[in-house]
Amino acid sequence: MNNPVAVIGGGAAGCLAAAFAAEAGSPVVLIEKNSRIGRKVLISGKGRCNVTNAQYTVQDLLDHIPVNGRFLYSAFSNFMPQDTMDLMESLGVPLKLERGNRVFPVSDRAMDIVDALDRNLKQHHVKQMTDRATGLVVEDGRVTGVRTEQHGTIACRAAVLCTGGLSYPRTGSTGDGYRMAQELGHTITRLTPSLVPLVADDPCCKDMQGLSLKNVTLRLLDTASGKCLYEELGEMLFTHFGVSGPLVLSASSMVRDMQPGRYHLVIDWKPGLSEEQLDARLLRDFEKNANKDFQNSLGALLPATAIPVFVAKSGIPGDKKVHQITKQERQALLDCFKRFTLPVADFRPVEEAIVTSGGVSTKEINPKTMESKLVSGLYFAGELIDVDGYTGGFNLQIAFSTGSLAGHYAGGTNDYV
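All values derive from a computational prediction rather than experimental measurement.

A short note on the pattern of salt bridges
Enumeration over the complete set of coordinates arrives at 24 salt bridges. E149 is the partner of R132 in a salt bridge, and the nearest nitrogen-oxygen pair spans 2.8 Å. Highlighted residues: R132 in the loop between strand 6 (127–130) and strand 7 (133–139) and E149 in the loop between strand 8 (142–148) and strand 9 (153–155), separated in sequence by 17 residues. R132 sits in the partly exposed class, given a relative accessible area of 25%. In this structure, D222 engages R262 in a salt bridge whose closest nitrogen and oxygen atoms are separated by 2.8 Å. Here D222, found in strand 13 (residues 212–222), pairs with R262, found in the loop between helix 9 (246–252) and strand 16 (263–268); they are 40 residues apart in sequence, far enough to count as distant. Take D222 and R262: they sit in the same class, and that class is buried. Each of K33, R132, E149 and D176 takes part in a single network of salt bridges with overlapping partners.

Printed below as a string of structure tokens:
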């Protein structure tokens, strides 16, 4: 029992795993290759850290995990968003609730969350080591050590692998954990970007570059199956390469087999109005602007940068007088408002993704403990596992929940549900 639990990776999952392993009674060493913990936490939520999402039941959480959600039932049952919030506030970080049940520090400073995680480690007497783990030592089917670049082999009684994915590699997420797990016989499912901007070849995106839309509805359609895979009201952004923003990031997590043109994004620019109501609104605006050119009649309904795009997509000549517009042409304009369609060409690179989809197969991990089914004493937590959630604090909650569960059992306690 004198050998420590070795936690590899000092992100959100690793910090919780280390603290819970220590709380369970084991000495703990946290091995992190960066000079300080929580590099990815620092940039989360655009530097504000969307620390969790205030869902109140396990099922509420699972509804926001599109990939292998059921695997997380025990982890969520034992460490819920309220537990995350209680922990942060006990560590001196007041929190606030924002739209969509997103939880942020009152200060809007991600650094406050990282500092709190660091205080928690110190309170639990976790030894922090700056080094890069290069592999695991296994004897008789059980982890007995961690090989490192600078400190040689560190003997351990158990190891928690939580090195993150491939996204934002400058924070230290460079795929080391996938390699170490694979060397021990674990299956690594296909790694793809998730919660990532999407490339669209339509030139209208570049024409509207920088335009942010609020209170629009975005749908993701799979033309191969004819199914709507995602539909949500919220915000999005046009960019030089396509689209980004919260709606797009969440929609991207539903794309399982990226093929250019297979998936279409459909934007409803006026979700608060039915087609009949919007048509009546168009008629009223057209009556007011009867003698104007069509291109000069849309200012009350659209941002200036979107008007030329709508004129082109509607097929109505921009210099046509409004009173000359036919019912069929008005219907074409109505379709632009309610069914503005962008074929998806690709994901942006995984380096730009918030999380990596894919990872250590959940079939090879005990969901009640996070221990490997192949190697005794090896535990997994966080983004390294083949689970990912929507944007809005869910992925950090996955990290906290799986980290706390893995640490608890790696530390030697067996009294969880």
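What follows picks up the thread again.
Observations regarding helix 6 (residues 110–123)
A rise of 1.5 Å per residue sets the reference length of helix 6, with its 14 residues, at 20 Å; its end C-alpha atoms lie 20 Å apart and thus fit the reference within 8%. Turning to helix 6, its buried residues are A110, I113, V114, A116, L117, D118, N120 and L121. Looking at the residues trailing helix 6, positive phi occurs at H125, about 60°.

Description of the packing of helix 1 (residues 12–23) against helix 13 (residues 394–410)
Viewed as axis vectors pointing N to C, helix 1 and helix 13 meet at an angle of 30°, and their least axial separation amounts to 7 Å. When the interaxial angle is binned, helix 1 and helix 13 end up roughly parallel. Considering only the axes of helix 1 and helix 13, their crossing is right-handed. For the pair helix 1 and helix 13, contact is made by A12, A13, L16, A17, F20 and A21 and by L396, A399, F400, G403, S404, G407 and H408, respectively. Among the residues forming the contact of helix 1 with helix 13, the class breakdown is nine nonpolar, four polar and no charged.

Some words on the sheet that holds strand 4 (residues 95–98)
Pairing in this open sheet of three strands is antiparallel, and the strands run 3-5-4 from one edge to the other. Each having just a single partner strand, strand 3 (52–53) and strand 4 make up the two edges of the open sheet. Bridge analysis of strand 3 against strand 5 (residues 102–105) gives two bridges, and the strand direction is antiparallel. Note on strand 5: the bridge partner recorded for T52 is V103.

Quick word on the nonpolar core
One finds V160, F238, I267, W269 and L342 to be the most contacted residues of the largest nonpolar core, which totals 132 residues. Ignoring sequence-local partners within four residues, the contact set of V160 consists of V5, A6, V7, I8, A17, Y379, A381, A406 and A410.

Re the packing of helix 10 (residues 275–288) against helix 12 (residues 327–338)
For the pair helix 10 and helix 12, the least separation of the axes is 10 Å and the interaxial angle reads 125°. If you check the angle between helix 10 and helix 12, you find them oblique. In terms of crossing hand, the pair formed by helix 10 and helix 12 is right-handed. Facing E275, L278, D279, L282, L283 and F286 of helix 10, the residues of helix 12 in contact are R330, Q331, L333, L334, F337 and K338. For the contact of helix 10 with helix 12, the residue count by class is seven nonpolar, one polar and four charged.

Parameters and conventions
Residues take numbers from 1 onward in each chain, read along the sequence in its written order. Only residues with pLDDT of 70 or above have their local features reported here, since the model is predicted, and side-chain atom pairs are shown and tallied only from 80 upward, although totals for entire chains, interfaces and linings are computed over all residues. Hydrogens and water are ignored here; the side-chain numbers use all heavy atoms of the structure. Any carboxyl oxygen of Asp or Glu that lies within 4 Å of a side-chain nitrogen of Lys or Arg is treated as forming a salt bridge with it. The helix and strand labels rest on DSSP assignments: H or I over at least four residues marks a helix, E over at least two residues marks a strand, and numbering proceeds from the N terminus. Note on exposure labels: buried denotes an accessible area under 20% of the residue type's maximum, exposed denotes more than 50%, and partly exposed covers the range between, all computed with a 1.4 Å probe on protein chains only. Between the first and last residue of a helix there are one fewer steps than residues, each counted as 1.5 Å, and that sum is the expected span. The axes are straight lines fitted to the C-alpha atoms, using for helices just the contacting stretch, and the angles between their N-to-C directions are given from 0 to 180°. Roughly parallel means an angle under 35 degrees; roughly antiparallel, over 145; roughly perpendicular, 65 to 115; everything else is oblique. Here is the rule for handedness: rotate from the far helix to the near one, and if that takes an anticlockwise turn smaller than a right angle the crossing is left-handed, while a clockwise turn gives right-handed. The contact criterion used is simple: two residues touch if any of their non-hydrogen atoms lie within 4.5 Å. Any residue outside Ala, Val, Leu, Ile, Met, Phe, Trp, Tyr, Cys, Pro, Asp, Glu, Lys and Arg is labelled polar, Gly included; the first ten of those are nonpolar and the last four are charged. Should DSSP find at least two bridges between two strands, the strands are regarded as paired. Note on terminology: a nonpolar core comprises buried Ala, Val, Leu, Ile, Met, Phe, Trp, Tyr and Cys residues joined through side-chain atoms within 4.5 Å.

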